[in-house]
Amino acid sequence: MTIRSLLAPLLGLGLLFGSHAAAATQPQAFTATYDVLQGGQPMGVATIRLHAAGDGQWIYSKDVKGTGGLAALLGASVSESSRFRWKGDVPEAISYDYRMQAAVKQKQRHLAVDWAENRVSVDEGKGAQSYPASPGMVERNTLALALGLALRDGRQQIALPVAVRQEVQTQNFKVSGKETVKVPAGSFDAERIDRTDADRGFSAWYAPDRYPLPVKLAQHDGGDLVLELVSYRAE
């Protein structure tokens, strides 16, 4: 079992076009916490925060600490931080930083968008590479937020341009129905959304009238991992 498999959904726990007024659709700053499970057993705790950074920019961060199993033994942690600007109700990417630390491995990635030149640069410590940007583009960290805002707007099928390692990749999602979901934060009549363009085993459950983030997320690729909402606080 690898560190990557233990933390896979957090790497990819990862566009929307419209004419909505930005002031009416932006979510408030918030802090949310999740239990991270592997095979039904506690593995870690995730804390997600959104706050304004000034000059029309926002920061969306995710910090995950291993608290059980091999992740705890290895002292595994993942830190992700995204800076973006609102484009209507879309968190359009400006930069993204990822860092994974464990006793046996460390990894980092920096992504930056130069909108004047319409270019994305990605550096993992071995030299930067670049590719064309796409308007309304998100990246893998803000993907869950972008999906939640699209569901809040009543969308049933969602196509997202997502900046990944070597390109902007269009990812497709579809609401597959409603299910009752019980998590530490409570019981929810949630909308289930699945990725449809790739066999990645990605599913998420949202209560979009209450939260812009999922109440539960499951990703089977890389370790059968589940995130369950524990608390959500608007600030």
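Conventions used here
- Residues numbered from 1 in each chain as written.
- Predicted model: local features only at pLDDT ≥ 70, side-chain atom pairs only at ≥ 80, totals over all residues.
- Heavy atoms only, no water.
- Helix = DSSP H or I, 4+ residues; strand = E, 2+ residues; numbered from the N terminus.
- Buried < 20%, exposed > 50% of the residue type's maximum accessible area, 1.4 Å probe, protein only.
- Contact = heavy atoms within 4.5 Å.
- Salt bridge = Lys/Arg side-chain N within 4 Å of Asp/Glu carboxyl O.
- Core = buried A, V, L, I, M, F, W, Y, C linked by side-chain atoms within 4.5 Å.
- Pairing = 2+ DSSP bridges.
- Phe/Tyr/Trp six-rings, centres within 6.5 Å; stacked < 30°, edge-to-face > 60°.

### A look at the side chain of S61
And step 1. Inspection of the secondary structure puts S61 in strand β3 (residues 57-66).
And step 2. S61 sits in the buried class, given a relative accessible area of 13%.
And step 3. Not counting residues up to four positions away in its chain, the partners in contact with S61 are T47, I48, R49, E80 and S81.

### Some points on the pattern of salt bridges
And step 1. As enumerated under the stated definition, the model contains 12 salt bridges in all.
And step 2. Salt-bridge contacts for R85 lead to E92; the nearest nitrogen and oxygen are separated by 2.7 Å.
And step 3. With its nearest N and O atoms 3.6 Å apart, the salt bridge here joins D153 to R152.
And step 4. Judged by its relative accessible area of 34%, R152 is partly exposed.
And step 5. Through salt bridges with shared partners, a single network forms among R85, K87 and E92.

### Some details on the nonpolar core
And step 1. By size, the foremost hydrophobic cluster in this structure holds 65 residues, and its most contacted members are L147 and V215.
And step 2. The leading source of residues in this core is helix α4 (residues 143-152), at eight residues.
And step 3. Discounting residues that sit within four places of it in the chain, V215 has contacts with Y34, V181, V183, F188, A190, W205, Y206, A207, L227, E228 and L229.

### Comments concerning the environment of P42
And step 1. Note that P42 resides in strand β2 (residues 41-54).
And step 2. Residue P42 is classed as exposed on the basis of its relative accessible area of 57%.
And step 3. Separated by 184 residues in the primary sequence, P42 and V226 place their C-alpha atoms 9.5 Å from one another.

### Focus: unusual backbone geometry
And step 1. Despite not being glycine, D55 has its phi angle at roughly 55°, a positive value.
And step 2. Residue classification places D55 among the exposed positions, given a relative accessible area of 80%.
And step 3. Of note, N118 is a non-glycine position whose phi angle comes to about 60°, a positive value.

### Here's the deal with the environment of S134
And step 1. Here S134 is to be found in the loop between β8 (129-132) and β9 (138-139).
And step 2. A C-alpha to C-alpha distance of 8.5 Å links S134 and R119, two positions 15 residues apart in sequence.
And step 3. Apart from the residues lying within four places of it in its own chain, the contact partners of S134 are W115, P161 and V168.

### Comments concerning the side chain of T47
And step 1. Within the fold, T47 resides in strand β2.
And step 2. Among all residues touching T47, those that are not within four sequence positions of it are T31, A32, T33, S61, K62 and D63.

### Focus on the pairing of strand β4 (residues 77-87)
And step 1. Of the two faces of β4, the one lined by V78, E80, S82, F84 and W86 is fully buried and the one lined by S77, S79, S81, R83, R85 and K87 carries no buried residue.
And step 2. Examined bridge by bridge, β3 and β4 share nine bridges and lie antiparallel to one another. What sits directly across from I59, in β4, is R83.
And step 3. The sheet contact formed by β4 and strand β5 (residues 90-101) spans 11 bridges and is antiparallel. Across the sheet, residue W86 finds its bridge partner in β5, namely P91.

### As for the packing of aromatic side chains
And step 1. Counted under the stated rule, the structure contains six aromatic pairs.
And step 2. Relative to W86, the ring of W58 has its centre 6.2 Å away and its plane inclined at 70°; by these criteria the two rings are edge-to-face. Taken as a pair, W58 in strand β3 and W86 in strand β4 lie far apart in primary sequence, 28 residues in all. W86 matches W58 in its accessibility class, with the two residues each being buried.

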